[in-house]
Every structure is written in structure tokens, then in C-alpha cells.
Amino acid sequence: MGNLIFSLNATLPVFLLMVIGMILKKLKVIDESFAKAMNRFVFTFPLPILLFKDLSTVDFRVARDFKFVLFCFIVTIFSIVLAIIISYFMDKESQGEFIQSSYRSSAALLGVALINNIYGQSVVGPLMIIGSVPLYNIIAVIVLSFFKPGTKTIDKTLLIKTLKGIITNPIIIGIIVGLLWSWLQIPIPVIMEKTINSISSTASPLGLIAMGASFNMEDAVGQIKPAMIASFMKLFGFVMLFLPVAILLGFVKEQLVAILIMLGSASTVTCFVMAKNMGHKGILSANVVMITTLLSGFSITFWLFFLKTFQYI
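Residues numbered from 1 in each chain as written. Predicted model: local features only at pLDDT ≥ 70, side-chain atom pairs only at ≥ 80, totals over all residues. Heavy atoms only, no water.

### Structural notes on the packing of aromatic side chains
- On inspection of all chains with the given rule, the structure shows twelve aromatic pairs.
- Taking 5.1 Å as the distance between ring centres and 50° as the angle between the ring planes, the aromatic pair formed by Phe-71 and Phe-251 counts as tilted. Of this pair, Phe-71 sits in helix H4 (residues 66-87) while Phe-251 sits in the loop between helix H13 (224-248) and helix H14 (254-264), placing them 180 residues apart in sequence. Pair check on accessibility: Phe-71 and Phe-251 agree, each one buried.
- Ring geometry for Tyr-88 against Phe-147: centres 6.3 Å apart, planes inclined by 70°, an arrangement best described as edge-to-face. With Tyr-88 in the loop between H4 and helix H5 (95-103) and Phe-147 in the loop between helix H7 (124-146) and helix H8 (156-167), this residue pair connects regions lying 59 residues apart in the sequence.
- The exposed category is assigned to Tyr-88, whose relative accessible area is 55%.
- Counting every residue linked through ring pairs, the aromatic cluster contains Phe-232, Phe-236, Phe-302, Trp-303, Phe-306 and Phe-310.
- Sitting over the ring of Phe-251, Lys-67 keeps its end group 5.2 Å from the ring centre. (Phe/Tyr/Trp six-rings, centres within 6.5 Å; stacked < 30°, edge-to-face > 60°. Helix = DSSP H or I, 4+ residues; strand = E, 2+ residues; numbered from the N terminus. Buried < 20%, exposed > 50% of the residue type's maximum accessible area, 1.4 Å probe, protein only. Lys NZ or Arg CZ within 6 Å of the ring centre and 35° of its normal.)

Take a look at the structure:
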């Protein structure tokens, strides 16, 4: 029961922010153009700063458990490849959104919180972030660029345009600067740190409210089948495939909890923000974020109960 309450405390506020966005649109406090502008703002400013903050504060010196970091990296690659393969059975216009919403997790936020809640302060959370989160975002930019609706053939012009888009993408810039900052161990002055914290803290709530305000029930129903498939992959499919492998390789306790969160936590609101700002409709992404957020409190609790029952954690 404690795990269920913890999981619900982590996921329900996220869902409620989406509902608030819907209510504000219904009350005409927010309209479509305002929601679109807010999405663009989150994509170009708070979200890159949030990624910079998360990565710049990860101490790469703690990455002594190379086996664990490598496992997180390889499993993320396999998850992405599987999502790409399955996407070819979907509507072509939805492929990019399906792929990224299937594999991208709320790993950085929920993973560290859950591990620390169960085991106290641990270096395993940052290690999982090193192995997965930069890859999540870099591949998402590439996938959303190549699978943009209306793209028919990949030629030299498209490759150059895509490469330019990837290099100048605010998400990629935030990741690169954050990784370099961490690697060079540059101290962050207190004034800068407080400013970064204030700006980055607006990314998720504004993104979720904008997503709720952009949500259209009629469009969402039309995308329900791929959304359910992506949600099943996110909450159960990848966990069933890769968690047994992690157990066989000897990972235990907080390592397994970190791997579970990496594989089976809710899709992040970043999926919607990035899709909407890179030429996609965002409907499928919004569906998957809402479904996985609503159900992840129960699915994560189920997996924790399973691991606890068999004494793996």
C-alpha cells in the first residue's frame, strides 16, 4: 500500500495539471494560440535549461559501475529499435510520435525519487540517467526529424536540413552544454543556480497545462489504438523483455528499481512538447502521456510488488 501511495503521489499531480489545462481552455482562460505559444516557450527555454540542470549536476566520477551504465545504454538502444520496427505497422503520419512516446520515460524525475525513497541516497539514479536520458532526447530529435509528416523520400536536401535542425535544436544544445559542464566539473555560482532552478521548474507544469489545453477528445479517440499499444509497451512490454535480463546479469536492489523506472515509468510530457514543436500533431503523444501517467502508479507498484515477492529488492 505504501508503494501504491508513493507512486500515486508521483503521478496524479502530473495528470491533474493536464486536467487543469483542459478546464482553463473550457473556461476560455487559455485558447489554442496561447497554448501553442506556451508549448513553443517550453521547448525553446525552460526545457533545455531543465536538461542542462539535470546533466550538469550529474557527477561522472560516480560512473564507476560501467556494467550498469552500459546495460542502461544498450537496453535503451534496443527499446528504440523495437519501437521503430513496430511503428512500421502504424499510420505513417504517427510513426515519429509513436516511437518516442513508446520508449521515453520520466526516468530522471521519478527514478531518483523512488530509489531514494526506498534505499536512501544512492548513486544508482545518476548512473541510470547517464546511461539513458541523453540518448532519449538525442534519438527523439532524430526520429521526429526523419519521421515528420509529409516527408516522402530521404535525399541529400532532407539530410542536410535534418542535420541542421538537429544541431540547432534547443534540446540538443541543452544536453551538450550540460554534459560538457559536468565533464569539466565547472562550479555553478549560487545566483546562477537559483535562476536555473526557477526557470527549469516551470518546464513540466507549463508543458502539462499546455498539453491539456491542446487536447482534443475527438482527435484523441481516432488515435486510441496506437496510443494503447505504445502505452502497453511503455508500462509492461519493455519491462517484461529486459527486466529478466537484468536479473540474470546479477543486478539487484536499487539497480533493479532504477532499471524498472527506466523501462516502465510514464512517458514524459517532453514527448508532447517536442512533437508539437517539430511539425507533428502531438495528438498521439498527448494520449500516451495521459494514459501512462494515469496507469503508471498502479503498474510500477505491481512491478515493485513482483520484485519484492521474489526477493530481488
